[in-house]
Amino acid sequence: MSSLKDRKRFEPSEVEPRIVARWLESGLFHPEPEGSPAENFSIAIPPPNVTGALHMGHALNGSVQDTLIRFNRQLGRRAKWILGTDHAGIATQTQVEKRLVTEGSSRAAIGRAAFVEKTWEWRAEFGGTIIEQFKRLGASLDYEDERFTLDERYVKAVLKVFVDLYNKGWIYRDNYMVNWDPGSGSAISDLEVEEREAHDTLFHIAYPLSDGSGEVVVATVRPETMLADVAVAVHPDDDRYKHLVGKTVTLPLVGRELPIIADEYVKTDFGTGCLKITPGHDPNDFEIGRRHGLPELSVIGEDGRMTDLVPEYAGLPVAEAQAAVVGALDAAGAIRAKEPYTHTVPFSHRSGQRIEPLISLQWFMKMEELAAPAMQVVKDGKLRIHPESQSRRYIDWLENIRPWCVSRQLWWGHQIPVWYRDEEVYCGATPPEGEGWTQDPDVLDTWFSSALWPFATLGWPEQTPELGAFYPTDVLSTARDILFLWVARMVMMGIEFTGETPFADVYIHSVIQAPDGRRMSKSLGTGIDPVDLIDAHGADGVRFGLLAMSSTQDVRFSEEKVAQGQALANKLFNATRFVITNAAEGTAPAAAPQTVEDRWILSRLGAARADFAARVETFDFSKAALGLYDFVYGELCDWYLELIKGREFDDKLSAHLLHVLRETVVLAHPIIPFVTEELWPHVGGEGLLAAHVAGDVVAPRDPEAEGDIERVIATVQAVRSWRDAGGVKPGAFLAARIDGLDDDLVALVARLARLTPVTDDDRSPVTVIPVRGCQVELLEGVDPAEAAAKVAAARKSLAAEIARAEGKLNNPGFVDKAPDAVVAAEREKLARLKAELEAL
């Protein structure tokens, strides 16, 4: 214990590596697969990309999950935090291709087998980066059982799922409209597409009627796609064009005759009310074409260039083709109007390039049968999504779900287990026997394999002890942007292949924005590296700060909150150092209340513990963190340690202080694990605090002691405010009559407020301070006129500030337009100002 006495402050850079090593050596984070899921507690980490490094989202979610894991471990449950990384098909392949370019090579030059081998080498070199960074954060993950979505056991699970769904007819191959990403050279799913605003030109183009009786005019922002037009559609109730249905027009520049058809999809108020139909390059046209049995022509290829459908444009990039087509139409006199047009356009979230809707031969998965039970578990309350507003989004998406394009034109990933030979098709977990078979070159969408994460990581399809002990898992914590990409698909796959919902609760955490409200991004220069923050403030400070600033809405990053967490760790360290420096040698922790303040701190400790448990169990991590701060900083350090000053540190007080500190260290451990683990042996703890079972026993409250000390605190605060406002010297003691408090409470007030209690002094008071059923009559030390003037000035200043704050908050323009965090800060400021005014 002497070593702690000699240390002036908590030094995270020295303590954290040593503590992590002890945790890992203990094997504590790798629980034995015993008992049932009801007895145990488990979380499957959202697997970070193997390409990744720790970013702010990882740090926040890691802090959330580790708080849950450590809290439940304290309750005596075997807690397994399932660890692993995702092979991240497109992202990883892109990184390896970039490296090949720097080496003067390419994917095509070395071939598929060599490229896959290069990618495994890349994973071995960089794949462990984020795992080590999670250790820096203090994440108590099961590092001994790290999984990877391309490891041998995981591949077995993926293949079984694909083959089973194929055999049920739910996975099929078809020529269908897909989102083609020219940047990655692959189809991507609807959920990987983001809409961006674009400013284009809307061209009005004349299509002459084939019989020479006139023309119809269509409007389009993509005139280059007209080369693949197969029809013109009008609304069946549009009186302007009813008589034309069944006739044909001649496609300009090409000469192909196109039928005029009627379809209710056509909007009569867009453009001219005539819609060119290009099933090969527009998803809505594709659906119209299928309804009417129209041909499906493609004029743009998967390489983003024009096909040879119209030879004179073959090989041109799309932008050049558009210019050439517009020039030819102008020369032919076919353009009737041009106008600026602002609309949203799909872009790839992966590569950033504009999506080309193309008809492509791909693998698809039927979703309706899987979606129904995934919706029902939410409606029945078997799966709870927090906050509740996200449940509605989840159900809305599932109610309108479409087939999922699960194939990707990549080399890195789970190659589709289908082989072809002449007209034969074979699907199986192992290759077919015989010669002449060729495996489908595509791989599965990364989200397909990720959808099996909660159960495949535990050994499924084998009925392993781990699966029996830890599945279903308890909680999934994630960001809202993958509620559909990942969460809903895990629910569907979990129910289909295990018969159970893969988790009971889904917590959707906030997104931490840059301080200026923009998204955090390296490319924007707004990113903040959590590892840099750990270096500056310690892991405990970062964990506390991120949890304190979290909410159900997006929030701006606040380094002040991180600094607040660092201050909390230091405060607890220094409080422990103070106690063990003064406590009687050899004293064991034990609750031994002798005075009202001793009873009060036990009661407040019990209240803090109950509040913390309630906040964690309802995923209110901000209030859990800030409530912990208020107890440690306010009630324990600012009040209790001040209230006991002057008392002799006998065996009973020493034991009581150590007990309070020991229980406080236990309470704080899930959020600030490093400083608490360091302090644990100094407050009588045995072994590792991370392994300590605290149980869920809540100390009984003591309303009498709480009421007494609340009056003491209120009285001290009122006197201190008066002293400050009156300019009384800080060290000066003032004679005072204190009425309405018991003698032991009077003594506490007198010491903390620097008063000299008198009972036989009949002087008239210069000031009377009434507080909650008692009053303090100051007999000296304050000139009434001067004090009153200073108090009046302070009240006037506070009243003016309150009026300004109320004015802003009563202004709808401010409340509606200002960021939520700014409005919340203004409300907090108003509450603080009113409290200060009330104290005066």
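The following refers to the structure shown. (Residues numbered from 1 in each chain as written. Predicted model: local features only at pLDDT ≥ 70, side-chain atom pairs only at ≥ 80, totals over all residues. Heavy atoms only, no water.)

When you go through the chain residue by residue, the secondary structure sums to 27 helices and 29 strands. Taking all 840 residues of the chain together, the buried fraction comes to 52%. Long-range pairs, those at least 24 residues apart, make up 76% of the contacts in the chain with a sequence separation of at least 6. Carbon together with sulfur atoms contributes 50% to the accessible area of the chain, which is approximately 35900 Å² in total. (Helix = DSSP H or I, 4+ residues; strand = E, 2+ residues; numbered from the N terminus. Buried < 20%, exposed > 50% of the residue type's maximum accessible area, 1.4 Å probe, protein only. Contact = heavy atoms within 4.5 Å. Areas by Shrake-Rupley, 256 points an atom, 1.4 Å probe, with all protein chains shown as cover.)

Between helix H19 (residues 596-617) and helix H21 (residues 651-668), whose axes approach to 11 Å, the crossing angle comes to 10°. The angle between the axes of H19 and H21 places the two elements in the roughly parallel class. Residues Asp 598, Ile 601, Leu 602, Leu 605, Ala 608, Arg 609 and Phe 612 of H19 pack against Leu 653, His 656, His 659, Val 660, Glu 663, Thr 664 and Leu 667 of H21. Among the residues forming the contact of H19 with H21, the class breakdown is 8 nonpolar, 3 polar and 3 charged. (Axes fitted to C-alpha atoms, helices over the stretch in contact; angles between N-to-C directions. Parallel < 35°, antiparallel > 145°, perpendicular 65-115°, else oblique. Nonpolar A, V, L, I, M, F, W, Y, C, P; charged D, E, K, R; others polar.)

Bringing the sheet that holds strand S14 (residues 356-365) into the picture now. Reading across the sheet, the 4 strands line up as S6-S5-S14-S16 and stay open at both edges, with antiparallel pairing between neighbours. Strands with a single pairing partner mark the edges of an open sheet, and in this sheet they are strand S6 (186-188) and strand S16 (404-405). Pairing geometry for strand S5 (residues 171-181) and S14, over 10 bridges, is antiparallel. For Trp 180, the partnering residue across the bridge sits in S14 and is Glu 356. (Pairing = 2+ DSSP bridges.)

For the rest of this paragraph, the subject is the pairing of S14. Note on strand geometry: in a regular strand, side chains alternate between the two faces of the sheet. Summarising burial for S14: 9 of the 10 residues are buried, a large majority. Relative to S16, S14 is paired through 2 bridges, and the arrangement is antiparallel. Pairing of Phe 364 across the sheet is with Cys 405, part of S16.

So, about the packing of aromatic side chains. Going through the model one piece at a time under the given rule, you end up with 30 aromatic pairs. Here the aromatic rings of Trp 404 and Phe 448 are separated by 6.0 Å at their centres, their planes lie at 40°, and the arrangement is tilted. Taken together, the residues span a long stretch of sequence, with Trp 404 in strand S16 and Phe 448 in helix H13 (residues 446-450) at a distance of 44 residues. You'll find Trp 404 and Phe 448 in the same group, each marked buried. Among the aromatic residues, those joined into a cluster by ring pairs are Phe 162, Tyr 166, Trp 363, Trp 404 and Phe 448. The ring of Trp 23 has Arg 70 sitting right over it, with the charged end atom 4.3 Å from the ring centre. Geometry around Tyr 265 places Lys 267 over its ring, the cationic atom sitting 4.5 Å from the centre. (Phe/Tyr/Trp six-rings, centres within 6.5 Å; stacked < 30°, edge-to-face > 60°. Lys NZ or Arg CZ within 6 Å of the ring centre and 35° of its normal.)

This part takes up the pairing of strand S18 (residues 418-421). Where S18 lies against strand S19 (residues 424-427), 4 bridges are found, and the strand directions are antiparallel. If you follow Arg 421 over to S19, its bridge partner there is Glu 424. Following S18, the chain reverses through 2 residues before pairing antiparallel with S19; Asp 422 in that reversal takes a positive phi of roughly 55°. Here 2 bridges tie S18 to strand S20 (residues 438-439), and the two strands are oriented antiparallel to one another. Bridging across to S20, Trp 419 finds its partner in Gln 439.

Quick look at empty space enclosed by the protein now. Here the structure, examined in full by the defined rule, presents 3 cavities of 30 Å³ or more. Approximately 50 Å³ is the volume found for the largest cavity. Every residue lining the largest cavity is listed: Gly 89, Ile 90, Glu 192, Arg 350, Arg 408, Leu 410, Leu 444, Asp 445 and Thr 446. (1 Å grid on protein atoms, 1.4 Å probe; cavity = no way out; pocket = protein on both sides within 12 Å on 5 of 7 lines; lining within 4 Å. Points joined across faces, edges and corners; volume = space filled by probe spheres on them.)

Take the sheet that holds strand S9 (residues 231-234) next. Strand pairing in a sheet is mediated by backbone hydrogen bonds. Such pairs are either parallel or antiparallel. Taken together, 4 strands build an open sheet; the order of strands is S10-S11-S9-S12 and the sheet is mixed. Each edge of the open sheet is held by one strand with a lone partner, namely strand S10 (248-250) and strand S12 (275-277). Each adjacent strand pair in this sheet contributes to an overall mean axis angle of 35°, direction not counted. Along the sheet, helix H9 (residues 283-292) makes contact with strand S11 (257-262) and S12, crossing S12 at roughly 70°.

With their axes 9 Å apart at the nearest point, helix H7 (residues 129-137) and helix H17 (residues 530-549) run at an angle of 50° to one another. Looking at the two axes, H7 sits oblique to H17. Contact with H7, carried on its side by Gln 133, Arg 136 and Leu 137, involves Val 531, Ile 534, Asp 535, Ala 539, Val 542 and Arg 543 of H17 and no other residues of that element. Taken together, the residues that form the contact of H7 with H17 break down as 5 nonpolar, 1 polar and 3 charged.

Our focus in this paragraph is the pattern of salt bridges. Evaluation of the coordinates by the stated rule reveals 60 salt bridges. Close ionic contact of Glu 215 with Arg 336 constitutes a salt bridge, the shortest N to O distance being 2.9 Å. Residue Glu 215 is located in strand S8 (residues 215-220), and its partner Arg 336 is located in strand S13 (residues 335-348); the two are separated by 121 residues in the primary sequence. Assessed through its relative accessible area of 39%, Glu 215 is described here as partly exposed. Salt-bridge contacts for Asp 229 lead to Lys 276; the nearest nitrogen and oxygen are separated by 2.8 Å. Remark: Lys 276 occurs in strand S12 and Asp 229 occurs in the loop between S8 and S9; sequence separation between them is 47 residues. (Salt bridge = Lys/Arg side-chain N within 4 Å of Asp/Glu carboxyl O.)

Okay, H21 next. Taking 1.5 Å as the rise per residue, H21 with 18 residues should run 26 Å; its terminal C-alpha atoms sit 26 Å apart, in good agreement. In terms of residue burial, H21 counts as a mostly covered element, since 16 of its 18 residues are buried. (Expected span 1.5 Å × (residues − 1).)

Among soluble globular proteins, nonpolar side chains are generally buried collectively. Met 365, Tyr 394, Leu 398, Phe 448, Met 492, Met 493 and Leu 755 are the most contacted members of the largest nonpolar core, which has 190 residues in total. Sequence-distant contacts of Met 365, defined by excluding residues within four places in its chain, comprise Leu 165, Trp 170, Ile 171, Tyr 172, Leu 370, Pro 403, Trp 404, Val 406, Phe 448 and Met 493. Residues Leu 209, Leu 244, Leu 251 and Val 325 belong to the second largest nonpolar core, which totals 36 residues. (Core = buried A, V, L, I, M, F, W, Y, C linked by side-chain atoms within 4.5 Å.)

Looking at the secondary structure, you find Asp 761 in the loop between strand S27 (755-757) and strand S28 (767-771). Judged by its relative accessible area of 19%, Asp 761 is buried. Within polar-contact distance, the side chain of Asp 761 engages the side chain of Arg 763 at 2.8 Å. With sequence-adjacent residues up to four places away left out, Asp 761 is seen in contact with Arg 737 and Leu 779. (Polar contact = N/O pair within 3.5 Å; in protein donor to acceptor, adjacent residues only side chain to side chain.)

Moving on, we come to the environment of His 537. For His 537, the location among the structural elements is in helix H17. For the pair His 537 and Val 562, spaced 25 residues apart in sequence, the C-alpha to C-alpha distance is 7.1 Å. The residues contacting His 537, other than those within four sequence positions of it, are Glu 559, Val 562, Ala 563 and Gln 566. At 2.8 Å, the side chain of His 537 and the side chain of Gln 566 are in polar contact.

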